[in-house]
Structures are given as C-alpha cells and as structure tokens.
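Analysis of the macromolecular model
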Amino acid sequence: MVNVAQKTQYNKTNEIVERIGKILGYFPGYRTLHADGRFYQGKFQANATAKEYTRAMHLQGNEVPVTVRFSKGGGDPYAHFGNTVGMATRFYLPDGRVTNMVMLSQKLFIANTVEQFLGLLEAGLPTEPNGPVNKAGLQQFLAVNPNTYAVFKMRGESLAPISFAHTEFNSVHAFLFVNSENIVTPARIHWVPVAGIKGQPVEVLTNEGLAVLYEELEDRFKHEPVGFDLVLELAEVGDPLNDATALWPEGRTRIAIGRLTLTGTITEAELSDKVMNHDPTALTDGIEPTDDPILQIRRGVYEVSAAQRTGGWRGCPFGHGKVEN
C-alpha cells in the first residue's frame, strides 16, 4: 500500500533539528530529544487475538527478543526527570530485520503539521544567542493555535511517573494494522503496565537524583520482571487518523494483543549498534503508517539527529575516525 505522505519524510528536517537545538541546547553525542536514556532487554509474545488484526511476523505468537530504551523527555541529558518520558521498543524479527514501536507517556504531540511544528519552534527561539526560551513568542503562538495550546495544557496537568513499571506509554500516532485477509484496522497503540498505572506530582522528581527512575527500575529487576500489555485502541468512523494533537472519544474499544516482559539491563556496547535509531516508521509487513505528516517527518528528523551524534560516515573505519571540517 503506497502512502503519498511518505514524500514528506525529509521535508524541513534540518531546520527542525537546528531549531530544537537552539531552544533546548546542543549536547554533542546525544539525541536531539530524549537525550538521556538507558537500554533494557526482554521478550515479547503475541496472543491469539493479534492475528485477527495483523500479519506482522512479530505478532503471530512466537516469542520475539526485544530491547527497550526508556528515556527522559527533552534535549538536556543532565536535567531532572519531568512529566514526559519515552519508551522505544525494538523487536528482533526471525528474518534478521528489526522493527520499532516508539511511544510517550503523553497521549498527544504538540503539532499536527510540519508547518505548525516549525512555527512553534520559531516562536520559542531565544531572542539572543544561548538565551532562554522566548516565552512571550510561545504565548502568542499558542493564542492562535488552540490545538497546540490544548496539548500543552494537558501535558502540564499530567502526573509525572513514579516508575517506568507503572507508566502507560502511547503511540501518539495512528497506524494501519493489516491481517492475512488484507483487512485494514486503524488503531493507536499503547503499552499498559501489568503492575498498574501510578503517578506523582512532577515537583517530587526535581528533588530526586537525575537517574532516579532508572535506578528504581533496575532495583525492581533484582526481584521481578517488568511487564507491559500491548493494547490496540481501535478507531471508529470519523476518528482522525492524521492528527497527532487530537484525542479520540472516550470508550473506544481496546484489545490486548500480547505481552512484553523485561528482565534486566543491556548496554549499547553489548548491542554492537552505537546508532540505535528508533525510527517509528521502520515497520514490517502487516503494520503501515497513516498519512499523518508528523509521523512521516520523524524518519528524517531521527536520521539527522543520529548522524549528528555519531559523526555519520566520518565515524566509520574507512573514514579513519571523524574528519575535522
């Protein structure tokens, strides 16, 4: 199924990454967003229901190895945790390929078009080099972009995590699940914690250590694995599939299609992949992207960020290390 929106995957990617850096700061060697993160390992197994919705090979019932990168929101790796954290899951497929699911503890993104996202970043640019975020500019932007304002308000009022093991993660975007009979089911995706959802005021985290949630999770692994159910939230007629700022009405059908079980830590060195680019559009047959422009642009943004933090081809052996410009 050809998606014409794929033409937008590299539209304005350099400008987006550049503006984020000017607002949040430049931290060489780190991701543009979700800069601070740690890796964990485990397994995933789909249940019998999954086949009703998708023919994706990792959702047919066989046990599949996975890695997960839990991360802080934001671009400063030395900041405290806030009320947004990330969960990037990589499934290692039987044929040697990989596919990703990338989710946030928040339900929505802050813009629904590339142009709106660029406008938001432009509004927040510091008025002087290395200065603070332009709050006045942001307020002006939010006043004429009610969808973005609503998301900022929802995020600001949300509880912060008390543990990764008690946090629900959300795909933000909708995807198209295709089964063996080519029946297409649009859905949003969620990781629902087996241990139950709990949160706390964000102010608590500002008084904790910078690694508090990682340390809590790693201590938990000493006693038990950590589980998440993979849940599809099924769209109904009229639900927007290309607007990452729009919630669907309450009460949409949710179907659990498998369980993720994490058992401990793993390092980038052990994975032998210093890039670990968790592109959410790196999909496999049976799951397809929608024409959501924010979903589409993420491929280009992730690639630009990955090239900057790793040195790109200049870091390859045949390049004899990084080349100075």
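One numbering rule holds for all chains: residues counted from 1, following each sequence as written. For this predicted model, a pLDDT threshold of at least 70 governs which residues receive local features, and a threshold of 80 or more governs which side-chain atom pairs are given and counted, while totals over whole chains, interfaces and linings are taken from all residues. Just so you know, side-chain values use all the structure's heavy atoms and leave hydrogens and water out.

Digging into the nonpolar core
Applicable threshold: Among buried residues, those of type Ala, Val, Leu, Ile, Met, Phe, Trp, Tyr and Cys that are joined through side-chain atoms within 4.5 Å constitute a nonpolar core. Only protein chains enter the accessibility calculation, which uses a 1.4 Å probe; a residue whose area is less than 20% of its type maximum is buried, one above 50% is exposed, and one in between is partly exposed. Any two residues whose heavy atoms approach within 4.5 Å at even a single point are treated as in contact.
L59, F70 and W191 are the most contacted members of the largest nonpolar core, which has 45 residues in total. Dropping the residues within four chain positions of it, L59 is found in contact with F44, A46, A50, K51, T54, F177, L230, I257 and I287. The next biggest cluster of nonpolar side chains, apart from the first, holds 25 residues, and it includes I20, V114, F117 and A244.

Some thoughts on the pattern of salt bridges
Here is the rule we go by: Put simply, a salt bridge is a Lys or Arg side-chain nitrogen that is within 4 Å of an Asp or Glu carboxyl oxygen. Runs of E in the DSSP output that reach at least two residues are strands. Runs of H or I that reach at least four are helices, and both are numbered from the N terminus.
Considering all chains together, one arrives at 17 salt bridges under this definition. The salt bridge involving R55 is made with D285; its shortest N-O contact spans 2.8 Å. Of this pair, R55 sits in the loop between α2 (50–53) and β2 (64–72) while D285 sits in the loop between α8 (268–271) and β11 (287–289), placing them 230 residues apart in sequence. For R55, a relative accessible area of 25% puts it in the partly exposed group. The exposure class of D285 is partly exposed, given its relative accessible area of 47%. One salt bridge in this structure joins K153 and E157, with 2.7 Å as the shortest N-O distance. Of this pair, K153 and E157 both sit in helix α5 (residues 146–157), four residues apart, roughly one helical turn. Among the ionic contacts, a cluster of salt bridges with common partners joins E216, R220 and E224.

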